[in-house]
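Residue strings, one per chain:
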Amino acid sequence: MGFMAGKRALIVGVASDRSIATGIAEAFAREGAELAFTYQNDKLKGRVEKLSERLGQNTDLLFQCDVTSDEEIDAVFENLGKHWDKLDILVHSVGFAPRDQLEGGFTESITREGYAISHDISAYSLAALAKAALPMLSDKSAILALTYNAAVQVVPNYNVMGLAKASLESCVRFLASDLGPRGVRVNAISAGAIKTLAAAGIAGFRKMLGYAEKASPLRRTVTIEEVGNTAAFLCSDLASGITGETTFVDAGVNIMGMVFDED
Ligand code: NAD
Ligand code: 0WE
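Residues numbered from 1 in each chain as written. Chains lettered and ligands numbered in written order. Predicted model: local features only at pLDDT ≥ 70, side-chain atom pairs only at ≥ 80, totals over all residues. Heavy atoms only, no water.

What follows deals with the site of ligand 1. Near ligand 1 lie 27 residues; those nearest to it are S19, Q40, K165, I194 and T196. One nitrogen or oxygen atom from the main chain of L146 is found 3.5 Å from an oxygen atom belonging to ligand 1. For ligand 1, whose accessible area on its own is 810 Å², the fraction buried by protein is 92%. Counted by class, the shell around ligand 1 contains 17 nonpolar, eight polar and two charged residues. (Near = heavy atom within 4 Å. Polar contact = N/O pair within 3.5 Å; in protein donor to acceptor, adjacent residues only side chain to side chain. Areas by Shrake-Rupley, 256 points an atom, 1.4 Å probe, with all protein chains shown as cover. Nonpolar A, V, L, I, M, F, W, Y, C, P; charged D, E, K, R; others polar.)

Read from one edge to the other, the open sheet built from seven strands follows the order β3-β2-β1-β4-β5-β6-β7, with strand pairing classed as parallel. The open sheet terminates on both sides in strands that have one partner only, identified here as β3 (62-64) and β7 (246-249). Looking at each pair of strands side by side, their axes are set apart by 20° on average, direction ignored. Relative to β3, strand β2 (residues 34-39) runs parallel, the two sharing three bridges. Within the sheet, the bridge partner assigned to T38 lies in β3 and is F63. Strands in contact with helix α1 (residues 20-30) are β1 (8-12), β2, β4 (87-92), β5 (137-147) and β6 (185-191); relative to β1, the strand with the most contacts, it is inclined by about 170°. Helix-sheet contacts for helix α8 (residues 224-235) involve β4, β5, β6 and β7, and the interaxial angle to β6 is about 165°. (Pairing = 2+ DSSP bridges. Helix = DSSP H or I, 4+ residues; strand = E, 2+ residues; numbered from the N terminus. Axes fitted to C-alpha atoms, helices over the stretch in contact; angles between N-to-C directions. Contact = heavy atoms within 4.5 Å.)

Okay, here's the thing in structure tokens:
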């Protein structure tokens, strides 16, 4: 029996087979959890449906949710509540900034609108989903968000998304403090760079993967399976003493203050 047997999880952020949320869903299913999913829009519905099917899940538990919509967020939990009386796990694997925010210098690229959109979709949405999920959460529930080290240290071109991830990580701590007395744990995984849809077309992304291969103690990048396994641990009762934490799954890149060329 898997270590997540009997757990019911809602996963927000599947867009493709390469999504980090897909790696998380695979690990959760392997460990015996039951899964429900949201999809951002009609374009992505089919892919999420296929994943749910492939993992042997109930394909009725798929709900549209653009996180910029309060109505869609409310509808998710209203409809999920018709199938499940409680929710053990909420996974937030969502991030977005308008493309023009992720190229060029920070000062020249940032705009009021880019700031608002990136923070709304990438950070506020965690609080919004937690708030809407709260009536269904229990004293053993867990919430997990996906973040990136540019919240803490500067990464070229990540720009306003770095600010949004800093806000997201702070949100994890405030939620952990606020929901802790009810037994609800809230954590984040800070993943190393992985080639997903959100990384496609980012200028210089290949160089970033190459950097991890040179600079990380493990001399490689990480996989969605590795992030999925850590997510399964953090959202299971095995991690019952852990809340408010940001756990790096990055082959150790973040610990390095300086690296030399290896020849
Ligand atoms: P992805 O493109 O597969 O997933 C991003 C998801 O965000 C998609 O499912 C998309 O539908 C969703 N999304 C965007 N705007 C939305 C909206 N308005 N409403 C609802 N959903 C919306 O890419 P990914 O790399 O799997 O990203 C998942 C998370 O992991 C993000 O928070 C990202 O910042 C984080 N992350 C990614 C990396 C990486 O290198 N890929 C590294 C660290 C952290
Ligand atoms: O969080 C992310 C990706 C976030 C992201 C990606 C896109 C691409 C498409 C947010 N918004 C958009 N908007 C789009 O229009 N990562 C951690 C991956 C990533 O993205 C980078 C990185 C890394 C790493 C962007 C610049 C520099 C490094």
